[in-house]
4 protein chains.
Amino acid sequence: MSKNIRNIAVLTSGGDAPGMNAAIRAVVRACSFYKIDCTGVYRGYQGLLDGDFENLDARSVRNVINKGGTFLKSSRCEDFRKPEGRKLAYDNLKLAGVDALIVIGGNGTFTGAQLLIDEYDFPVVGIPATIDNDINGTDYTLGYDTALNTVVEAIDKIRDTASSHNRLFLIEVMGRDAGDIALNSGVGAGAEEIMIPEESDSMNRLMKSLKISREKGKTSSIIVVAEGDKSGKNVFELADHINDDLEDYNYDIRVSVLGHIQRGGKPSCFDRVLASKLGVGAVEAILNGTYNVMMGVEHKKVVQISLKDAIEPRHEFDKELRRVADITSV
Amino acid sequence: MSKNIRNIAVLTSGGDAPGMNAAIRAVVRACSFYKIDCTGVYRGYQGLLDGDFENLDARSVRNVINKGGTFLKSSRCEDFRKPEGRKLAYDNLKLAGVDALIVIGGNGTFTGAQLLIDEYDFPVVGIPATIDNDINGTDYTLGYDTALNTVVEAIDKIRDTASSHNRLFLIEVMGRDAGDIALNSGVGAGAEEIMIPEESDSMNRLMKSLKISREKGKTSSIIVVAEGDKSGKNVFELADHINDDLEDYNYDIRVSVLGHIQRGGKPSCFDRVLASKLGVGAVEAILNGTYNVMMGVEHKKVVQISLKDAIEPRHEFDKELRRVADITSV
Amino acid sequence: MSKNIRNIAVLTSGGDAPGMNAAIRAVVRACSFYKIDCTGVYRGYQGLLDGDFENLDARSVRNVINKGGTFLKSSRCEDFRKPEGRKLAYDNLKLAGVDALIVIGGNGTFTGAQLLIDEYDFPVVGIPATIDNDINGTDYTLGYDTALNTVVEAIDKIRDTASSHNRLFLIEVMGRDAGDIALNSGVGAGAEEIMIPEESDSMNRLMKSLKISREKGKTSSIIVVAEGDKSGKNVFELADHINDDLEDYNYDIRVSVLGHIQRGGKPSCFDRVLASKLGVGAVEAILNGTYNVMMGVEHKKVVQISLKDAIEPRHEFDKELRRVADITSV
Amino acid sequence: MSKNIRNIAVLTSGGDAPGMNAAIRAVVRACSFYKIDCTGVYRGYQGLLDGDFENLDARSVRNVINKGGTFLKSSRCEDFRKPEGRKLAYDNLKLAGVDALIVIGGNGTFTGAQLLIDEYDFPVVGIPATIDNDINGTDYTLGYDTALNTVVEAIDKIRDTASSHNRLFLIEVMGRDAGDIALNSGVGAGAEEIMIPEESDSMNRLMKSLKISREKGKTSSIIVVAEGDKSGKNVFELADHINDDLEDYNYDIRVSVLGHIQRGGKPSCFDRVLASKLGVGAVEAILNGTYNVMMGVEHKKVVQISLKDAIEPRHEFDKELRRVADITSV
């Protein structure tokens, strides 16, 4: 164990995700286990600039493992993008005797952390937390599994109505660049079609799928649309387009934008366990002298990837699952 | 018991609501108990016109009590509004040997039923099922309790994010004419303000409430808005208005339209029990020779009200709860 | 408003119930609204003896409305049953400047409160909170509606297995003296038979019901048994008895004791709204000079009943629902 | 594609698990996609003996993806253990023109299938479905993720009560040979100690953990105990032992046996997606001429393992997670 680490700070930044509290808890408990101090930073990078710190001990994180959101709060912070903002953040960390920083968040969070590393050589370790699952170097990000269950439960409810009324529902789910939520929740909810940002022909797919459904006599349909879908139309425009283009199908179309409910809720067991592993792993990485990495999970094992690589755009998606989606929606 | 009743038909019409299946089940089981036939009519009044009937026995309704939606399906039916449509419906009922009809739905459903009564003197009994709770003559309509839980669970999730980010959320819930969902879910979710159709000064209320919240240093707020709110603005316009009018508050405002998830989902125990009571009550009313009424529940007892009175506009709302809302949101 | 009331204390006692936190919140907020102090007492009557008090303001109860259990905690307190214990409690209340006390709990809680009234003429108001719904003077107690949903969701899960395996399940639910949970959850879950403490012939009912089910060819059955059932056998002994007595039916019987999960969980919207009404009502009753009553709800209105009457044994049960249960389980 | 496969049969056997219906659906849909027949077999191996078959098409599996249990039902079948029983099963399969069989279940199911392979060279492919996650050759079995969420939600509820009353709760969860449910749900629920079958010193662990908790002043504790725990005591005996051995701690101990609710419920998104992948994979394996394997998932990819290897006892457990459990429960 590194003798020089006496105090580790932890913050959450960017969009909140279920499991953030469980990850903070694991960081705090691991610090307690290894008998070092843990400094909680409120409101993400803004709190670094404001010196909004609080010492956290094992009891500070009682009864938070099952809470959505983040009790340390999160925020966007324009000032941290400026060199003088980061100077202030660094000074506050040093002043508080913090030896290393754990940041819990997504791509933007890690990009900010990288600047702190580059400019001040301050030791940082990242924990991936975003419902979008769009981070390199980890099979799963915190909050993703919970969000899938939230989406699938919502679509189950909408399916009740769709089936009762023989309707076509267009359901927008989160995912600006990554179709993971749309593809997995779409398969899980038994959607008739799924539109994801990684595919450029989503509009053709949709129209073809609707025609096939019609031929088969399907009377209700669920279409899941990622918000980053590349059709060039939002869900409301899609509805109009279908009505115009397939006028004789006489669809009773409804639109549902699931929105912010996707970010909240109690974390699933999967996310709580993952958060516990990554939180402990992050503290142990620091104590072992490994900095400037993001903790991840690959094939159920905790792994590390350099923060630089973690923030590179991710391109692949689960093509095998796309194939399964097409087969099971026949 | 009336000796003339050998066959009771049942249909669901209008917007679907959780508990409709449980009500159908109770009707079918009660027919079975009293050893009379039960005819299921698919797709509401449309099914009456199409003669889309199926004989239902006790086994037909196994495992439906906990399902959302309606397995008999529902639909809007333009043709039933025309005299020749109703003639066809009546003829089909007679042809199938149906002696009385139970209709499960809301205001529109009962208005249709009243025409059948007026023109053909056909015996009809109504069961109130709509998440809006906007029917005279019953404390509760089927689906309302479930919808409240669905809304409150959704707002709980959004509160996670609101608290994490110090945001103001405007949440639109169902209720075109009645604020029951907004008022009860708003109190249940601990909303800072609630805007309902029954009050004309909702905009003033809102602005005043935001100013008080700000003075008290509240950093996140949930505003619940019924879709029938009389402010003259929809939730998106409200967000713009707040941003303009309270510019220096520098709110980070988000909007969420809960939409169709409010109609679906497993019925709550309350709705299942209510459906069972009303379904049995409807069959027994018919067997006792009481027609052209809606079954309702008042102070936990099953009661009857004439269909004519049931479809009158309802005006009162729970003013006492509005007062409680104002006190608990301080 | 009574000018003499400056400080109201609140405690929770007895078995915890969902909605207790929402009731505490409403009491605190109402005190804040009426600009009087609110003293939280930890661990029920034990906290009165220990002087375990904390001043509560509107912010103390943020984010508790949707939490199960009670953040003021609860406990059994032997010492409060002794005169010297109550003397100490009274002295501590006076010392802290408390003018009136709100107790949230069930029968035992109110019995304790009555002693404080009788011996020291200390103003007390009760709020009924127990999942059993076994209190006079109110249609519903706090926690009851939530518990019904918890039980029904659990039985829905067990039904999945029962249906898959053609099994007979005996499910024990709470309710020592009152069958409200068993009867309502049994109807809500579509149970084939329900055994409640208010009926002495539950064993005959059960055996008769099983024989009828068998004749009808039912392959799986759910029997809901209140823990206070008067058959003289617990659920495990009932299973043995069925196996012995109906040996040729060759049942594959399983037993499930739902246990403590029934007390926990997020309160339903119904319980949150009820808690808000009763909490505000309790404070306003005190301010209006009405003491030594329990707040209740009858036909959706907040009402009052003397504590003496509230703690009398309740005898009636919903016989109409028992009849509905018999009809819908055919 | 193998030209010889015209008809694939599918059955579910052993304890039911959430996701079985989703797997059946994927099998049926894949058969439909590849234009071959699919024969549903009711009640597992018993249905093979009884010839209880039904042709399934794409519509047969509408609206089952989100249902717990198995609509094909399951059963134990003593007769299939006898050679003459298997002869009958084989004859029925041939008679129905079935070319290959997909069995969905756990260890016992696959052991039965292996006999059919060994004795009749009948092509079989297995899909692992058991909440215990105790099968070689796959990272996850169907139903396991859902069961973890069910257990964690139940413990969350019990935690409400435990916290409110300062109690010690012993909670028995499923897992005769494998501690996966106990370990993961224990970490997810923030349990103070976890007792699993893979460790022989669970009793020492427990007593040590309780002493440490007491020293730290913890007032409530959750202990998760796998049913296959090797302490030699069941949860009720454990409670007595703690009361005797730590008498001066004066614990208020409660026991909860979660039981059959762990098997039921809507499958999680994870289980629905996994079921879809494995179901499609099983059909494609057969069409590609690969038999006598179990489909599994490793590092998110569908893989195959010989049935012989799949049914070997599994020995390893997640020791890293045990370490994380010890650290996060400080």
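The preceding data block contains the structure.
All values derive from a computational prediction rather than experimental measurement.

Quick notes on the overall build of chain A
Then comes step 1: Helices and strands together make up the secondary structure of chain A, namely 11 helices and 11 strands.
Then comes step 2: For chain A, the C-alpha radius of gyration of 22 Å lies close to 20 Å, the compact-globule estimate for 330 residues.
Then comes step 3: The principal-axis extents of the C-alpha atoms in chain A amount to approximately 75 × 35 × 30 Å.
Then comes step 4: Counting across all 330 residues of chain A, residues that qualify as buried make up 67%.
Then comes step 5: Contacts in chain A between residues far apart in sequence, at least 24 positions, make up 74% of those at least 6 positions apart.
Then comes step 6: When the accessible area of chain A is evaluated, it comes to approximately 11600 Å², of which 45% is carbon and sulfur surface.
Then comes step 7: Of the charged side chains in chain A, 40 are positive and 48 negative, and the gap between their average positions amounts to 6 Å.

Focus on the interface of chain B and chain C
Then comes step 1: Chain B puts 54 residues into the contact, and the matching count from chain C is 54 residues.
Then comes step 2: Summing both partners gives a buried area of about 4300 Å² for chain B against chain C, and 54% of it is carried by carbon and sulfur.
Then comes step 3: Between the two partners, chain B and chain C, sit eight salt bridges.
Then comes step 4: With a shortest N-O distance of 3.0 Å, Asp156(C) and Lys266(B) are connected by a salt bridge.
Then comes step 5: For the interface between chain B and chain C, the tally reads 24 residue pairs in polar contact (both at pLDDT 80 or more).
Then comes step 6: When residues of the side of chain B that touches chain C are traced back to their parent elements, those giving at least two are α1 (20-33), α5 (144-165), α6 (180-188), α9 (269-287) and α11 (319-328) of chain B.
Then comes step 7: The biggest single contributor to the side of chain B that touches chain C is α9(B), with eight residues.
Then comes step 8: Its residues assigned to classes, the side of chain B that touches chain C comprises 19 nonpolar, 17 polar and 18 charged.

Thoughts on the sheet that holds strand β10 (residues 293-298) of chain D
Residues and elements named next belong to chain D.
Then comes step 1: Strands sit in the order β3-β2-β1-β4-β5-β10-β11 across an open sheet of seven strands; the sheet is mixed. Lying at the two open borders of the sheet, with one neighbouring strand each, are β3 (53-55) and β11 (301-306). Averaged over all pairs of adjacent strands, the angle between strand axes in this sheet comes to 30°, irrespective of strand direction.
Then comes step 2: Sheet topology note: the strand β5 (residues 124-128)/β10 ladder contains two bridges and is parallel. Bridging from a neighbouring strand, valine 125 pairs with valine 293 of β10.
Then comes step 3: Those strands touched by helix α4 (residues 107-120) are β4 (100-105), β5 and β10, and its axis lies near 160° from that of β4.
Then comes step 4: On top of the sheet, helix α9 (residues 269-287) reaches β1 (7-12), β4, β5, β10 and β11; it is set at about 140° to β10, its chief contact.

Re unusual backbone geometry
Then comes step 1: Positive phi is not limited to glycine here, since Lys300(A) has a value of about 70°.
Then comes step 2: Positionally, Lys300(A) belongs in the loop between β10 (293-298) and β11 (301-306).
Then comes step 3: The residue Asp121(B) is not glycine, and still its phi comes out positive at about 55°.
Then comes step 4: Here Asp121(B) is to be found in the loop between α4 (107-120) and β5 (124-128).

Regarding helix α7 (residues 202-215) of chain B
Owing to its 3.6 residues per turn, the α-helix brings residues three or four apart onto one side.
Residues and elements named next belong to chain B.
Then comes step 1: The end-to-end C-alpha distance of α7, which contains 14 residues, comes to 20 Å, matching closely the 20 Å that a straight helix rising 1.5 Å per residue would cover.
Then comes step 2: Among the residues of α7, those classed as buried are Ser202, Met203, Arg205, Leu206, Met207, Ser209, Leu210 and Ser213.
Then comes step 3: In this structure, the buried side of α7 is in contact with β6 (168-173), β7 (193-195), β8 (221-226), α8 (235-245) and α11.
Then comes step 4: Downstream of α7 by one or two residues, glycine 217 has phi in the positive range, about 80°.

Here we look at the relation of the copies chain B and chain C
Then comes step 1: At an RMSD of 0.0 Å, chain B and chain C line up after a rotation of 180° and a shift of 0.0 Å along the axis. Expressed as a symmetry operation, the mapping of one chain copy onto the other fits a two-fold axis. Distance from the rotation axis, computed per C-alpha, reaches its smallest value in chain B at His299(B): 2.3 Å.
Then comes step 2: A symmetric contact is evident, with 100% of the interface residues of chain B recurring at the interface of chain C.

So, the packing of helix α3 (residues 83-95) of chain D against α4(D)
Residues and elements named next belong to chain D.
Then comes step 1: At a closest axis distance of 11 Å, the pairing of α3 and α4 adopts a crossing angle of 80°. The orientation of α3 relative to α4 falls into the category roughly perpendicular. Packed against α3, whose contacting residues are Pro83, Arg86, Lys87, Tyr90 and Leu93, the element α4 presents Leu115, Leu116, Glu119 and Tyr120 at the interface.
Then comes step 2: Residues that form the contact of α3 with α4 fall into these classes: six nonpolar, no polar and three charged.

Overview of the sheet that holds strand β2 (residues 37-41) of chain A
All names here are of chain A.
Then comes step 1: Strand order in the open sheet made by the seven strands is β3-β2-β1-β4-β5-β10-β11, with mixed pairing throughout. Each edge of the sheet is formed by a strand with only one pairing partner; in this case those strands are β3 (53-55) and β11. On average, adjacent strands in this sheet sit at an angle of 30° to one another, irrespective of strand direction.

Cut-offs and rules
Residues numbered from 1 in each chain as written. Chains lettered and ligands numbered in written order. Predicted model: local features only at pLDDT ≥ 70, side-chain atom pairs only at ≥ 80, totals over all residues. Heavy atoms only, no water. Helix = DSSP H or I, 4+ residues; strand = E, 2+ residues; numbered from the N terminus. Rg over C-alpha atoms; globule rule 2.2 N^0.38 Å. Buried < 20%, exposed > 50% of the residue type's maximum accessible area, 1.4 Å probe, protein only. Contact = heavy atoms within 4.5 Å. Areas by Shrake-Rupley, 256 points an atom, 1.4 Å probe, with all protein chains shown as cover. Lys, Arg positive; Asp, Glu negative; His and termini not counted. Charge placed at Lys NZ, Arg CZ, Asp CG, Glu CD. Buried area = accessible area lost by both parts, 1.4 Å probe. Salt bridge = Lys/Arg side-chain N within 4 Å of Asp/Glu carboxyl O. Polar contact = N/O pair within 3.5 Å; in protein donor to acceptor, adjacent residues only side chain to side chain. Nonpolar A, V, L, I, M, F, W, Y, C, P; charged D, E, K, R; others polar. Pairing = 2+ DSSP bridges. Axes fitted to C-alpha atoms, helices over the stretch in contact; angles between N-to-C directions. Expected span 1.5 Å × (residues − 1). Least-squares fit on C-alpha atoms with pLDDT ≥ 70 in both. Parallel < 35°, antiparallel > 145°, perpendicular 65-115°, else oblique.

The values reported here are purely geometric and, on their own, carry no functional implication.
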